[in-house]
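# Understanding the architecture of this molecule
Spelled out, the chains give:
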Amino acid sequence: VQLVESGGGLVQAGASLRLSCVASGITFSINAMAWYRQGTGKQRELVATISSDGTTTAYADSVKGRFTISRDNGKNTVYLEMNSLKPEDTAVYSCRSVGPVRNYWGQGTQVTVSS
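Residues numbered from 1 in each chain as written. Predicted model: local features only at pLDDT ≥ 70, side-chain atom pairs only at ≥ 80, totals over all residues. Heavy atoms only, no water.

### With respect to the nonpolar core
- Membership of the largest hydrophobic core comes to 26 residues, with the highest contact counts inside it found for Trp-35, Val-47, Phe-67, Val-78, Leu-80, Met-82 and Tyr-93.
- Elements supplying a minimum of two residues to this core: strand E3 (17-24), strand E4 (32-38), strand E5 (45-50), strand E7 (67-72), strand E8 (77-82), strand E9 (91-98) and strand E11 (109-114).
- If you tally residues by element for this core, the top one is E3, at 4 residues.
- Val-47 has contacts with Trp-35, Tyr-36, Arg-37, Ala-58, Tyr-59, Ala-60, Val-63, Phe-67, Leu-80 and Tyr-93, leaving out every residue within four places of it along the chain. (Core = buried A, V, L, I, M, F, W, Y, C linked by side-chain atoms within 4.5 Å. Buried < 20%, exposed > 50% of the residue type's maximum accessible area, 1.4 Å probe, protein only. Helix = DSSP H or I, 4+ residues; strand = E, 2+ residues; numbered from the N terminus. Contact = heavy atoms within 4.5 Å.)

Right under this line is the structure:
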C-alpha cells in the first residue's frame, strides 16, 4: 500500500496550492480519505475529510472557506485545494485512507507560507 502526496512548496501569504495524494494497493473507492497537517512543535490537526463517494466533506474551522477537499476515484487520487494561504498554514500535510479494515498514511508534503 502506498499513499504518495505531492504539490507542496514555498509560497507567499495569499497564494494557492493544490496538494494531491495518489493511492495504490487499496480499493480506493471504498475508503474515506482525510488530510492532516502538523506544524513544527504542534499537534497533528485534522484538516479535511471526504467520504468514499465524495458526497460528504468536512473541514477544520481554521481552513473552512479557504480549503477544498475533492477526489477522483478513477485516478485513485484525493486533492486539497488551498487558497488564501496564511503563515499559520505552514506544516507537513499528510493524507490518510480510512478503510473498513485498516487505515494508511502517506509520508507527507511540506507546505511553507511566508509572510
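### Topic: the pattern of salt bridges
- Evaluation of the coordinates by the stated rule reveals 5 salt bridges.
- Residue Glu-45 pairs with Arg-37 through a salt bridge whose shortest N-O separation is 2.8 Å.
- Across the pair Arg-66 and Asp-89 runs a salt bridge whose closest N-O atoms are separated by 2.7 Å. Within this pair, whereas Arg-66 is found in the loop between strand E6 (57-59) and E7, its partner Asp-89 is found in the loop between E8 and E9, the two being separated by 23 residues in sequence.
- You can call Arg-66 buried: its relative accessible area is 10%.
- Its relative accessible area of 1% is what places Asp-89 among the buried residues. (Salt bridge = Lys/Arg side-chain N within 4 Å of Asp/Glu carboxyl O.)

### As for the side chain of Ser-97
- Structurally, Ser-97 is set in strand E9.
- Other than its neighbours up to four places away in sequence, Ser-97 contacts Leu-3, Ile-26, Asn-31, Ala-32, Met-33, Arg-102, Asn-103 and Tyr-104.

### Side note on the state of the cysteines
- With the rule as written, the count across this model stands at 1 disulfide.
- Here Cys-21 connects covalently by a disulfide to Cys-95, the sulfurs 1.9 Å from one another. Its S-S torsion of about 50° marks the bond between Cys-21 and Cys-95 as right-handed, since a negative value means left-handed. In this pair, Cys-21 is assigned in strand E3 and Cys-95 in strand E9, connecting sequence segments 74 residues apart.
- Judged by relative accessible area, which is 0%, Cys-21 ranks as buried.
- Judged by its relative accessible area of 0%, Cys-95 falls in the buried class. (Disulfide = S-S within 2.5 Å.)

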